[in-house]
Amino acid sequence: MTEIFEEKLKTYNYELYLLHKVSKAIKKTFNEEKILSIILTAITADCALGLSRAAVFYYDKEKNVIYGKKGIGPFNEQEATQIWTELSKNKMTLEEYFQSSFEQYLSEQKFPQLIKNILINIDMLSNTNYFKRVLLEGNLFHIKNKDDFTNLPNEIKELFVSSEIVISPLFSSKEIFGIIIADNAFHYRPITDSTKTLISLLSIQAGIALETTKYHNIVKQQYEELKELHNAVEILQDKIVKQERLTAIGKLSSYFIHEIKNPLVTIGGFAQRISKTNNLSEIHKDANIIFKEIMKIEQILNRFTTLTLLSPLKIEMVNLKELVEEVIDLFQIEITRKKIVVDLSSVQNISVKADKIQISEIFFNLISNSIENTINGTIKIYAEIKDPFIEISVKDTGKGIPKELLPYITEPFYSTKPGGLGLGLFIVSNIVETLNGKLEILSEEKKGTTVNIYIPIK
Amino acid sequence: MERKKILLVEDEENERILYKEELEREGFIVICCENGSHAIKLIEKDDFDLLVLDIKMPQMDGIETLGKILTKKRNIPIIIYTAYPQYKEQFLTWAADEYIIKSADLTNLKEKVKSVLNKK
């Protein structure tokens, strides 16, 4: 009694040991071929289950076919003797089998090659056929009666001419996706209940590992695709930034050519004339022109200092009404020519603490834009203190800004005017930002534009 | 020999003075105007041997002016005189005779004016 108990304990112990080894080996890999090798090696290795040949078939549900995926083992008795003699010379542990290239050698043999060529149409099988039953019932079958062999597909019968065969289903979490088949050819050792249990457990383990591997590979592939996409986006972003820089440089150079090269040409031309003449009155006249042209360049550069806000702030009391009137004076000729009515009735006659240049830049640019876009219309200017803000607003009845362009108009070098530099609203939004204020642009095509600015009073 | 008459279209006053005086020193009659629409009116009224045209001008720029002049007087020789190098191809295919990039050294302008007028 004790002996039987001990024997059983030994068997359980062995089964657990084997499962542990296989499970450990499978855990290390996400490679489908490797997992199949481990399972098939465990079934056939002399130090493990010791069956002769084993193979995995996959089930293609859509086509309703079973096809050979991988096989291990000798093709005939001669090959079997040769392989087993070879192996007995150098006894290997299961781990050594898993790591060795022996399986690679075996897979190049005839039997594995033949397995790969097998394709079985399930529709052609009778309902008593074991291959069909495994898929339908999900049970392990042990075939040892001669009569039962007729209930196997012809391709299998031809290859597995042996006394005993075990067929086990391969499960994923959802369904049966394949079959493991093994036989005891050439040595004809009976297949025990313990071996069957182990094949069943190995099938379950293989099923889980293969499913995990499948998802792992899908995730990995998606990750790689995402990474590629991410890289592509980064490259594109880089290109866009470079393109924007080039566009900005292009616009800037266009501006400099017009605003600076032209005066330089004039200065150079007159300087050359001076160098060729002794006539004092001509020299005076030309030098005066040179001076005026230099002043032009200086003014342009001064505007750039405002743009980059490099000039130190000079906080003083600024009268809003006086300031707006000064700016309007600069545009008087254009206002008359374009028959524009300027309404200053909402400009309060009050003084606020501010940097005069900054505030006049805001008015200059907003009024300049409004005049540019208005003919025979009205420009109404607001400048009021509504505690805790100074509210500035310029409202015109001009042509308005198309809705799709609104998001871009405060960007540097964005202009809708031919020859426009596109810095006006950029300067305004920069100043408003440094004052912690808020800029709001409302516009409707053919109706006009309103720019509202709220600057907190310090 | 009859003095050749040039129409100079340039929006910058001091540049106008410079080119006019320098070309007059070379023996040409130089009539100036500051924009494209004025130039078109002058061309309709009078005959010129050469048109020297700036590109960037307020209101009607050189491109538009050239287009309008070509519809009226196809045979007038035209020199584009500009600070911008990028329109060269466009203008030469547009029937301008010369495209000169502005420089403080006016030698090139004078030489090109002479050569275009000699070809006429």
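Worth saying up front: this structure is predicted, and the values here are computed from it rather than measured.

Some details on the overall build of chain B
Along the backbone of chain B there are five helices and five strands. N-terminal to C-terminal, the α/β element order of chain B is β-α-β-α-β-α-β-α-β-α. The buried share of chain B, taken over its 120 residues, is 37%. Within chain B, contacts between residues separated by at least 24 positions form 59% of all contacts whose residues are at least 6 apart in sequence.

Considering the environment of Val56 of chain A
All names here are of chain A. As for its placement among the helices and strands, Val56 is situated in strand S1 (residues 53-60). Note: C-alpha distance between Val56 and Pro169 (113 residues apart in sequence) is 9.7 Å. Ignoring sequence-local partners within four residues, the contact set of Val56 consists of Leu36, Leu40, Lys69, Lys70, Gly178 and Ile180.

Here we look at the sheet that holds strand S2 (residues 29-33) of chain B
Residues and elements named next belong to chain B. Taken together, the five strands give an open sheet; going across it, the order is S2-S1-S3-S4-S5, and neighbouring strands pair in parallel fashion. On the outer flanks of this sheet lie S2 and strand S5 (98-101), each paired with one strand and no other. Here the average twist between neighbouring strands, direction ignored, is 20°. Looking at chain direction, strand S4 (residues 78-82) and S5 are connected through four bridges and run parallel. When the sheet's bridge partners are listed, Ile80 is paired in S5 with Tyr99. Taken strand by strand, helix H1 (residues 13-25) contacts strand S1 (5-9) and S2, and its axis lies near 165° from that of S2. Set on the sheet, helix H2 (residues 36-45) makes contact with S1 and S2; between it and S1 the angle comes to about 160°.

Here we look at the interface of chain A and chain B
Many descriptions give the size of an interface as the accessible area lost when the pieces come together. Of the residues lining the interface, 16 residues belong to chain A; the matching set on chain B comes to 12 residues. For the side of chain A that touches chain B, the element with the highest residue contribution is helix H9 (residues 193-276) of chain A, accounting for 12 residues. Taken together, the residues of the side of chain A that touches chain B sort by class into six nonpolar, seven polar and three charged.

Let's talk about the sheet that holds strand S3 (residues 119-121) of chain A
All names here are of chain A. Taken together, six strands build an open sheet; the order of strands is S3-S2-S1-S6-S5-S4 and the sheet is antiparallel. Whereas interior strands pair on both sides, the edge strands pair on one side only; in this sheet they are S3 and strand S4 (141-143). Taking the axes of each pair of neighbouring strands and ignoring which way they run, one obtains an average angle of 25° across the sheet. By the bridge criterion, three bridges tie S4 to strand S5 (residues 165-171) in an arrangement that is antiparallel. Bridge pairing in S5 places Ile143 opposite Ile165. Against the sheet, helix H7 (residues 130-137) engages S1, strand S2 (65-72), S3, S4, S5 and strand S6 (176-183), with an angle of about 165° to S4.

Some details on the packing of H2 of chain B against helix H3 (residues 62-72) of chain B
All names here are of chain B. Two numbers describe how H2 lies on H3: the axes approach to 9 Å, and their chain directions differ by 15°. Here H3 runs roughly parallel to H2, going by the angle between their axes. Seen from above, H2 lies across H3 with right-handed handedness. Of the residues in H3, those in contact with Gly36, Ala39, Ile40, Ile43 and Glu44 of H2 are Gly62, Glu64, Thr65, Lys68, Ile69 and Lys72.

Here's the deal with the confidence of the model for chain B
Low pLDDT means the predicted coordinates in that region are not meant to be read closely. Residues of chain B with pLDDT of at least 70 account for 98%, and the chain-wide mean is 87. Across the predicted assembly, pTM comes out at 0.50 and ipTM at 0.71.

What counts and how
Here the residue numbers are simple positions, counted from 1 along each chain's written sequence. Key to labels: chains lettered from A, ligands numbered from 1, both in the order written. Reporting of local features is limited, given that this is a predicted model, to residues whose pLDDT is at least 70; pairs of side-chain atoms are given and counted only at 80 or more, and all residues count toward the totals for whole chains, interfaces and linings. Comment: elements are numbered from the N terminus, with helices defined as DSSP H or I runs of at least four residues and strands as E runs of at least two. Exposed residues have 12 or fewer other C-beta atoms within 10 Å of their own C-beta, buried residues have 20 or more, and residues in between are partly exposed; the C-beta atoms are placed from the backbone. We call two residues in contact if the C-beta atoms placed from their backbones are at most 7 Å apart. Being paired, for any two strands, means DSSP has found at least two bridges between them. Orientation is described by lines fitted to C-alpha atoms, with helices fitted over the stretch in contact, and by angles between N-to-C directions that extend from 0 to 180 degrees. Three classes are used, and their members are as follows: Ala, Val, Leu, Ile, Met, Phe, Trp, Tyr, Cys and Pro are nonpolar, Asp, Glu, Lys and Arg are charged, and the others, Gly among them, are polar. The cut-offs work like this: below 35 degrees is roughly parallel, past 145 is roughly antiparallel, 65 to 115 is roughly perpendicular, and the gaps in between are oblique. Crossings are sorted by hand: turned counterclockwise from the far helix by less than a right angle, the near helix makes the crossing left-handed, and turned clockwise it makes it right-handed. pLDDT measures how confident the predictor is about each residue, on a scale from 0 to 100.

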